[in-house]
Structure formats: structure tokens, C-alpha cells
Amino acid sequence: MRIVVMASGSGSNFAAIYQAIIEGKIAAKFVSLIVDKNNAYAIERAQKLGADYHIVNYQDYDTKIAYETEILAILNELNPDLICLAGYMKIIGDTLLNKYEGKIINIHPSMLPKYPGRTALSDALEAGETEIGITTHYVDAGVDTGKIIMQDQFTIDDMNREQIEAKLHKLEHKLYIKTINKIIGE
Ligand code: GRF
């Protein structure tokens, strides 16, 4: 199985997936990371890890279609079996979905279908949730609406926001690795 990861930000999930592959905890080949911003920290992580990466800087394109057409060309070269969105902050458009729907998965910091969208953790905390969820799911045309693959959750007790985020990330890394292994085993 050939795996491509797409990220926009810190890239901790990318690094966890990459390390798990290197350590033989995922029986797959890491092919490349695609990043949509010149300054994403995920790029530094890729450089430190010696991982292949491509930058397709969203701001250099006039339209989303032009931007995704460039990504499509790269993906077609990379020939992935699975595309793992890991903090990739754009909605996947038809240009990519037409070819890759069913092969794109995402991780989201809430117990979907509760709290879709960018502010999931804040929304859950503001709503007074005492359990914070994590979901992996297939990607469709909606915002965090695709078929759920796996979920996990933890109780926040008296943790502050920083502690909650740290725990969330730790569990996300585990859940993403489990999810990829589940898909490989299917
Ligand atoms: C994660 O919390 C993920 O659930 C969300 O974006 C965040 C990415 O974190 N989709 P990182 O860039 O992998 O560190």
C-alpha cells in the first residue's frame, strides 16, 4: 500500500504516520507529504525526518480548481492507494474527489457527527462536554461528513486546554495508525 499524507500545519500526525511506517508498525510504503503552504511546520518535520515532500502553495493559484489540478498531477505521479489528511485545512474539491474518493481519509478532533469544522475542540468545550472525541473517516464532499472508520475518546477531568490538546494529539497519532492498519487489513 502506497501512502501519501497531506497537511497544512504542524504535521504531528504526519510525523507519527511516517515514524510508524519506518518502524514497521504499518506495513505500507510512505510515498510523500503534500503541503499547501510554504511556511507549514510540517515541512521542517519532513526535512528532519528525511521524508519526501511536495509544496503546492495555495496562494500561488488563482482558483481552487487550478490548485487542485496541480495536486492531482502530483498524485497521479505518486500513485497512492491511500491519502491521509492530517491537519489539511481545505475542503477536498471535485477535482480530487472525482479520481480519489474512497481513498482519502481524515482525522478530526471530535466525536463526529458532533462538532464538525475547524473549531471542533473549542465547540465541544464551550458546550460543556466532559469527554473529548477523535474520529477517523473517509472524505466526501461535505465538511467532516464522510463514513466513520474509528473513534476514541477521553475524559478531560481537570485538564487545562494545553493538557487537553496534548492528550488529544497523542491519541490521534495512535488512532491514525490503527485506522491505517485496519484499512490495510480489509
Ligand atoms: C489535528 O488535531 C487533527 O485532528 C486536525 O488538525 C490537527 C492537525 O494536527 N484535523 P497536526 O498538524 O497533525 O499536528
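Residues numbered from 1 in each chain as written. Predicted model: local features only at pLDDT ≥ 70, side-chain atom pairs only at ≥ 80, totals over all residues. Heavy atoms only, no water.

J.: What is the right way to look at the pairing of strand β5 (residues 104-108) in this model?
T.: Remember that side chains alternate between the two faces of the sheet whenever the strand is regular. Within β5, five of the five residues are buried, which leaves the element mostly enclosed by the surrounding structure. Here β5 shows no split at all, with Ile 104, Asn 106 and His 108 on one side and Ile 105 and Ile 107 on the other all buried. Bridge analysis of strand β4 (residues 82-85) against β5 gives three bridges, and the strand direction is parallel. The residue of β5 that forms the bridge with Leu 85 is Asn 106. As a crossover connection, the stretch from β4 through helix α4 (residues 94-100) into β5 is right-handed. Across four bridges, the pairing between β5 and strand β6 (residues 131-138) is antiparallel. (Buried < 20%, exposed > 50% of the residue type's maximum accessible area, 1.4 Å probe, protein only. Helix = DSSP H or I, 4+ residues; strand = E, 2+ residues; numbered from the N terminus. Pairing = 2+ DSSP bridges. Right-handed = clockwise from strand over helix to strand, strands pointing away.)

J.: Please clarify how the sheet that holds β4 should be interpreted in this entry.
T.: The strands making up a sheet associate through hydrogen bonds between their backbones, and the pairing can be parallel or antiparallel. Judged by pairing direction, the sheet is mixed, and its seven strands sit side by side in the order β3-β2-β1-β4-β5-β6-β7 without closing on themselves. Every other strand in the sheet has two partners, leaving β3 (53-55) and β7 (148-155) as the edge strands with one partner each. Across the sheet, the axes of successive neighbouring strands diverge by a mean angle of 20 degrees, strand direction being ignored. Note that β6 and β7 share seven bridges and pair antiparallel. (Axes fitted to C-alpha atoms, helices over the stretch in contact; angles between N-to-C directions.)

J.: Can you walk me through the pattern of salt bridges in this structure?
T.: Two side chains of opposite charge can pair, provided their charged atoms sit close to one another. Tallied over the full model, the rule gives five salt bridges. Across the salt bridge formed by Lys 25 and Glu 23, the nearest N and O atoms sit 2.8 Å from each other. A relative accessible area of 48% places Glu 23 in the partly exposed class. (Salt bridge = Lys/Arg side-chain N within 4 Å of Asp/Glu carboxyl O.)

J.: Explain the side chain of Asp 144 to me, please; I cannot follow it from the model alone.
T.: Tracing the backbone through its elements, the reader meets Asp 144 in the loop between β6 and β7. Sequence-distant contacts of Asp 144, defined by excluding residues within four places in its chain, comprise Asn 106, His 108, Leu 112, Pro 116, Gly 117 and His 137. (Contact = heavy atoms within 4.5 Å.)

J.: When you look at the packing of aromatic side chains in this model, what are you seeing that I'm missing?
T.: When we look at a pair of aromatic rings, we describe it by the centre distance and by the angle of the planes. Applying the stated criterion to the full structure yields five aromatic pairs. With a centroid separation of 4.9 Å and an interplanar angle of 85 degrees, the aromatic rings of Tyr 18 and Phe 30 are classed as edge-to-face. With a gap of 12 residues between them, Tyr 18 in helix α1 (residues 12-22) and Phe 30 in strand β2 (residues 29-35) connect regions that are remote in the sequence. Phe 30 shares its class with Tyr 18; the two are buried. Here Tyr 61 and Tyr 67 contribute two aromatic rings whose centre-to-centre distance is 6.0 Å and whose plane-to-plane angle is 70 degrees, an arrangement assigned as edge-to-face. On the basis of relative accessibility, which here comes to 27%, the residue Tyr 61 falls in the partly exposed class. Of the aromatic side chains, those joined through ring pairs into one cluster are Phe 14, Tyr 18 and Phe 30. Across from the ring centre of Tyr 58, 4.5 Å away, lies the NZ or CZ of Lys 90, which sits over that ring. (Phe/Tyr/Trp six-rings, centres within 6.5 Å; stacked < 30°, edge-to-face > 60°. Lys NZ or Arg CZ within 6 Å of the ring centre and 35° of its normal.)

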